[in-house]
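Each chain is listed here by its residues.
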Amino acid sequence: MVDFKKKIAESIAQVLEMNVNEIEACIENPKGTDNGDYAFPCFRLAKTMRKAPPVIAEEIKNKLQVNEQYICKVEVVGGYVNFFVNKEKLANEVLQEISKSNAYGKSEIGKGKNVVVDYSSPNIAKPFHIGHLRSTVIGGALYNIYKYLGYNVTGINHLGDYGTQFGKLIEGYKRWGTEYNIDENPIEELTNIYIRINQACKEDEAILEECRNNFKKLEEGDIYCVELWNKFKDVSLKEFQKIYDLLGSKFDSWNGEAFYSDKMAEIVELLEKSGKLVKSEGARIIDLENKGMAPCIIEKSNGSSTYATRDLAAIMYRARTYDFDKVLYLTSYEQVLHFKQVFETAKLLGLDEKYTNGLEHVPFGMVLLKTGKMSTREGNIIKLEDLLNESISRAKEIIQEKNPNLENKEEIAKRVGLGAVIFNDLANSRLKDEIFDWDTILNFQGETGPYIQYTYVRTKSVIEKVGEVPDIKNVKISLLLDDASSKILKLIYNFEDILIQVTEKSEPSILSRYLIDVAKAYSNFYNENKIIVDDKDIQNARVYLTYAVGKVLKTGAGLLGIEMPDKM
């Protein structure tokens, strides 16, 4: 497709002594259509040109030589030069591109670049609760979008399968294992043991010390501890897979913390060689005071490893195995300091700067209950499986009430219920905390996943009534130049750019909001225009635009991890 922004930048570059790419980076999308389709701000030029921005804007406009095939009008408003795209050219570009491929917006801009996405990463032997949903769906959306843009992507489920918590669980099982039926109800029973041993640790420091020693034995390969640990891991993964099957989540690697247990000695050795590994209160640390941070603990006073040691081993392994350009770590913002410490320490491992510069923490807000933060130790959590099944159940009730004769109600309710939960999580900035509320998360009105699905179903219904999608050769583009049609076409034109913005900011909500805008624009078009009419040319044009909307909604929702129903 024609890149209108680049065309504008090239025109401006003929007037100003600036690089085309630099100009293109400055060009903005105005909020109101009255200000055109693109705007070039002149404020940053005022200092060098020693003129007021409106004067500079007027000079640029007067000297511009624009190709009317692409730009039909140029205006100055304040310090902006506003550009109006040729509507017919844009419409033709969009619909021709839609006609060529089932993967509209797909790109090769990431060709030859390797991206690792570290996401989901639940702790084994603990319930998969709604707090894990954020990492799973945000990471899954980024994984899908990077792949769609041509990157070579590796998705890793870095399981929390190591650490002192397993020393606690082993101790609890030693003491009370016979009281619990782990084979029948594994996660719930292991959680009960974990809550009980935590309480015991609070009451008796000696029990906590036993737990720490258990983890040390686990690291040293103690047969009893390793066998128990494997049992806990196996039963946990079977339970987690039920959630992943519901969400459609897939991973290329399940290497968790334990995978790096034999790779940490090299990390310690490299840090020793750097001369920065020092002793402090019996532990071994990297002092980061000069970076304004607390020390990064590499070994605890009893010789056992830490999260940081394992994360450093993972960085080394991933650099060698995946030759990554970027690694995204999807965790809550509670771990911001941890990753700053780890990334700073990674610079001491002798890795190429390409790798240390490619480490990126993608933090997100917490999911909170109305009563505050969730905690497995305290036993106040909402299990994700319960949430997803409840959402599906409620979706089924709504479908039963509104369309009792609908076929495949079970499958449609599943897609709508899961879509509501996923979209709710991806609709707002990832950094924003979510207060969990059943009434909000399962609201099927307004700017929600079900609204996007309903709009898609409406496009399918229109095409079904007509009986076919017209050939693009029989579509008169000139009949789609009204404001409602043009708004849709401009939104569709921006689809690839929206996906690129998601990767630049690691922010799937950009795509979520975009899909809402497309759905709203089509609803407005649908209400203003009768689609099935006697005039075949008008019908063909409007049906083809409807087809294009459906295609973009389905593709965009799919990238977020949401499946579209054909009927609702």
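Residues numbered from 1 in each chain as written. Predicted model: local features only at pLDDT ≥ 70, side-chain atom pairs only at ≥ 80, totals over all residues. Heavy atoms only, no water.

Colleague: Even after reading the chapter, I still don't get unusual backbone geometry, so can you show me in this structure?
Modeller: Glycine aside, negative phi is the norm for most residues, and most peptide bonds take the trans geometry. Phi at Ala 125 is positive, roughly 70 degrees, even though this residue is not glycine. You can see Ala 125 is positioned in the loop between strand E4 (114-118) and helix H6 (130-148). Overall, the relative accessible area of 2% leaves Ala 125 in the buried class. Positive phi, close to 45 degrees, is recorded for Asp 323, a residue that is not glycine. Looking at the secondary structure, you find Asp 323 in the loop between helix H12 (307-322) and strand E9 (326-332). The class of Asp 323 is partly exposed, set by a relative accessible area of 35%. (Helix = DSSP H or I, 4+ residues; strand = E, 2+ residues; numbered from the N terminus. Buried < 20%, exposed > 50% of the residue type's maximum accessible area, 1.4 Å probe, protein only.)

Colleague: Explain helix H20 (residues 495-505) here, please?
Modeller: Because each turn of an α-helix spans 3.6 residues, side chains separated by three or four positions end up pointing in the same direction. Turning to H20, its buried residues are Phe 495, Ile 498, Leu 499, Ile 500, Val 502 and Thr 503. Lining the buried residues of H20 we find H6, E9, helix H19 (483-493), helix H21 (509-528) and helix H22 (536-560). One or two steps after H20, the chain reaches Ser 506, where phi turns positive at roughly 50 degrees. (Contact = heavy atoms within 4.5 Å.)

Colleague: Sorry if this is basic, but what is going on with the sheet that holds strand E6 (residues 277-280) here?
Modeller: Whenever strands of a sheet pair, they do so through backbone hydrogen bonds, lying parallel or antiparallel. Spatially, the three strands line up as an open sheet ordered E6-E7-E8, and their pairing is antiparallel. What marks the edges here is a single partner per strand, and that holds for E6 and strand E8 (296-299). For this sheet, the mean angle separating the axes of adjacent strands, direction not counted, is 45 degrees. Pairing of strand E7 (residues 283-286) with E8, which is carried by three bridges, proceeds in the antiparallel orientation. The partner of Ile 286 across the bridge, within E8, is Cys 296. (Pairing = 2+ DSSP bridges. Axes fitted to C-alpha atoms, helices over the stretch in contact; angles between N-to-C directions.)

Colleague: Looking at this structure, how should I read a negative patch on the surface?
Modeller: Residues Asp 3, Glu 10, Asp 497 and Glu 504 make up a contiguous surface patch of negative charge. Note that Glu 10 resides in helix H1 (residues 4-13). (Patch = residues over 30% accessible without salt bridge, like charges linked within 9 Å, V, L, I, M, F, W, Y side chains within 5 Å. Areas by Shrake-Rupley, 256 points an atom, 1.4 Å probe, with all protein chains shown as cover. Salt bridge = Lys/Arg side-chain N within 4 Å of Asp/Glu carboxyl O. Lys, Arg positive; Asp, Glu negative; His and termini not counted. Charge placed at Lys NZ, Arg CZ, Asp CG, Glu CD.)

Colleague: Would you mind showing me how to read the nonpolar core here?
Modeller: Among the nonpolar cores identified, the biggest contains 145 residues, and Phe 40, Phe 83 and Leu 511 are the most heavily contacted of them. The leading source of residues in this core is H22, at eleven residues. Leave out the neighbours within four places in its chain, and Phe 40 touches Ile 12, Leu 16, Ile 23, Cys 26, Ile 27, Leu 45, Ile 60, Gly 79, Tyr 80, Val 81 and Phe 83. Among the nonpolar cores identified, the runner-up in size contains 32 residues, and Leu 277, Ala 314, Phe 343 and Leu 351 belong to it. (Core = buried A, V, L, I, M, F, W, Y, C linked by side-chain atoms within 4.5 Å.)

Colleague: Got a minute to help me understand the packing of H6 against H20 in this structure?
Modeller: Where H6 meets H20, the axes come as close as 10 Å, and the angle between the chain directions of the two elements is 125 degrees. When the interaxial angle is binned, H6 and H20 end up oblique. For the pair H6 and H20, the sense of crossing is left-handed. Where H6 abuts H20, its residues Leu 142, Ile 145, Tyr 146 and Tyr 148 lie against Phe 495, Leu 499, Val 502 and Thr 503. Classifying every residue of the contact of H6 with H20 by side-chain character gives seven nonpolar, one polar and no charged. (Parallel < 35°, antiparallel > 145°, perpendicular 65-115°, else oblique. Left-handed = near helix turned anticlockwise from the far one by under 90°. Nonpolar A, V, L, I, M, F, W, Y, C, P; charged D, E, K, R; others polar.)

Interpretation note: all reported values are geometric properties and have no functional meaning in isolation.
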